[in-house]
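One letter stands for each residue in the lines below.
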Amino acid sequence: MNKTLLLLVFAIFSCLKSFAQPANDVCSNAIVITCGATETGTTDLATIDAAPVCGPSLSITAPGVWYSFVGTGDSITASLCGSAFDTQIFVYSGTCGSLTCVVGNDDAGAACPSNGLNSIANFNSTAGTNYYILVTGYGTNTGAYSLNIGCVASPVTPT
């Protein structure tokens, strides 16, 4: 009987764990991402963030997850192309307690041929600056996403 009870407790714990919030549900637990990396996950079971709105006609009304990126001095593309839902993306500098908007995007259109409702944020990074990326949805949309960070060296100006 003890084995049966132990297996039942393990099964319940396993089920509850699968319904947990994502580890990067809050800014202070942002997952580090680097140039050329792709991270996948889901915004399901995340919470709605109280981050500053970052861009005209944009709002944060859906659950989101966080990533952090250290600027390289390159031109950065943070892309959610290929995600399974209508996404929004916001990029901030500063600290989690004092975020400053860098760029936000909803619907990259033709730039995401597989789903024009996915989002892309382009910005010029400053080497050594910490950036925070919020992956969220439009309206109340949630779902599986794929975040890719592309870095292209900025052209060198001759002296």
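Residues numbered from 1 in each chain as written. Predicted model: local features only at pLDDT ≥ 70, side-chain atom pairs only at ≥ 80, totals over all residues. Heavy atoms only, no water.

Undergrad: Explain unusual backbone geometry to me, please; I cannot follow it from the model alone.
TA: Leaving glycine out, the prevailing phi sign among residues is negative, and the prevailing peptide bond configuration is trans. Residue S57 is not a glycine yet carries a positive backbone phi of 60 degrees. Within the fold, S57 resides in the loop between strand 2 (38-42) and strand 3 (64-70). (Helix = DSSP H or I, 4+ residues; strand = E, 2+ residues; numbered from the N terminus.)

Undergrad: What exactly am I supposed to notice about the environment of P155 here?
TA: Along the chain, the position of P155 falls in the segment after strand 9 (144-152). Along the sequence, P155 and S75 sit 80 residues apart, while their C-alpha atoms lie 9.5 Å from each other.

Undergrad: Help me understand the sheet that holds strand 3 in this model?
TA: Across a sheet, paired strands are connected by hydrogen bonds in the backbone, their directions being either parallel or antiparallel. Strand order in the open sheet made by the five strands is 1-3-8-5-6, with mixed pairing throughout. Looking at which strands have only one partner, the edges of the open sheet turn out to be strand 1 (31-32) and strand 6 (98-106). (Pairing = 2+ DSSP bridges.)

Undergrad: Even after reading the chapter, I still don't get the state of the cysteines, so can you show me in this structure?
TA: Note: disulfide means a covalent bond formed between the sulfur atoms of two cysteine side chains. Scanning the entire structure with this criterion turns up four disulfides. Note that C54 is cross-linked by a disulfide to C101, the S-S spacing being 2.0 Å. Its S-S torsion of approximately 90 degrees makes the covalent link between C54 and C101 right-handed. Remark: C101 occurs in strand 6 and C54 occurs in the loop between strand 2 and strand 3; sequence separation between them is 47 residues. (Disulfide = S-S within 2.5 Å.)

Undergrad: Is there a simple way to explain the pairing of strand 6 in this structure?
TA: With eight bridges connecting them, strand 5 (residues 87-95) and strand 6 associate as antiparallel partners. Across the sheet, residue T95 finds its bridge partner in strand 6, namely S98. In this antiparallel pair of consecutive strands, strand 5 and strand 6, the connection spans two residues.

Undergrad: So what exactly am I meant to see when it comes to the sheet that holds strand 7 (residues 120-124) here?
TA: Pairing within the open sheet is antiparallel, and its four strands lie in the order 2-9-4-7. The sheet is open, and its two borders are formed by strand 2 and strand 7, each paired with just one other strand. In this sheet, neighbouring strand axes are inclined to one another by 15 degrees on average, regardless of whether the strands run parallel or antiparallel. Looking at chain direction, strand 2 and strand 9 are connected through five bridges and run antiparallel. Bridge pairing in strand 9 links T38 to N148. (Axes fitted to C-alpha atoms, helices over the stretch in contact; angles between N-to-C directions.)

Undergrad: What am I meant to see in the nonpolar core here?
TA: Note that soluble globular proteins tend to have their nonpolar side chains buried in a common cluster. Y67, I133, V135, Y145, L147 and I149 are the most contacted members of the largest nonpolar core, which totals 21 residues. The set of elements that each furnish at least two residues to this core consists of strand 3, strand 4 (75-79), strand 5, strand 7, strand 8 (130-137) and strand 9. (Core = buried A, V, L, I, M, F, W, Y, C linked by side-chain atoms within 4.5 Å. Buried < 20%, exposed > 50% of the residue type's maximum accessible area, 1.4 Å probe, protein only.)

Undergrad: Would you mind going over the side chain of D74 with me for this structure?
TA: In this fold, D74 is placed in the loop between strand 3 and strand 4. Among the polar contacts listed, one links the side chain of D74 to the side chain of T72, at a separation of 3.0 Å. Leaving out residues up to four positions away in the same chain, D74 has contacts with F123, N124, S125, C151, V152, A153 and S154. (Polar contact = N/O pair within 3.5 Å; in protein donor to acceptor, adjacent residues only side chain to side chain. Contact = heavy atoms within 4.5 Å.)

Undergrad: Sorry, what's going on with the side chain of S93 here?
TA: As for its placement among the helices and strands, S93 is situated in strand 5. Assessed through its relative accessible area of 18%, S93 is described here as buried.

Undergrad: I would appreciate a short explanation of the packing of aromatic side chains in the present structure.
TA: Each pair of aromatic rings is reported with the distance of its centres and the angle of its planes. Scanning all chains against the criterion turns up four aromatic pairs. Relative to Y92, the ring of F90 lies with its centre 6.5 Å away and its plane at 25 degrees, an arrangement referred to as stacked. Ring geometry for F123 versus Y131: centroids 5.0 Å apart, planes at 50 degrees, classification tilted. An identical accessibility class is assigned to F123 and Y131; each is buried. Feature note: the residues W66, F90 and Y92 constitute an aromatic cluster, connected by ring pairs. (Phe/Tyr/Trp six-rings, centres within 6.5 Å; stacked < 30°, edge-to-face > 60°.)

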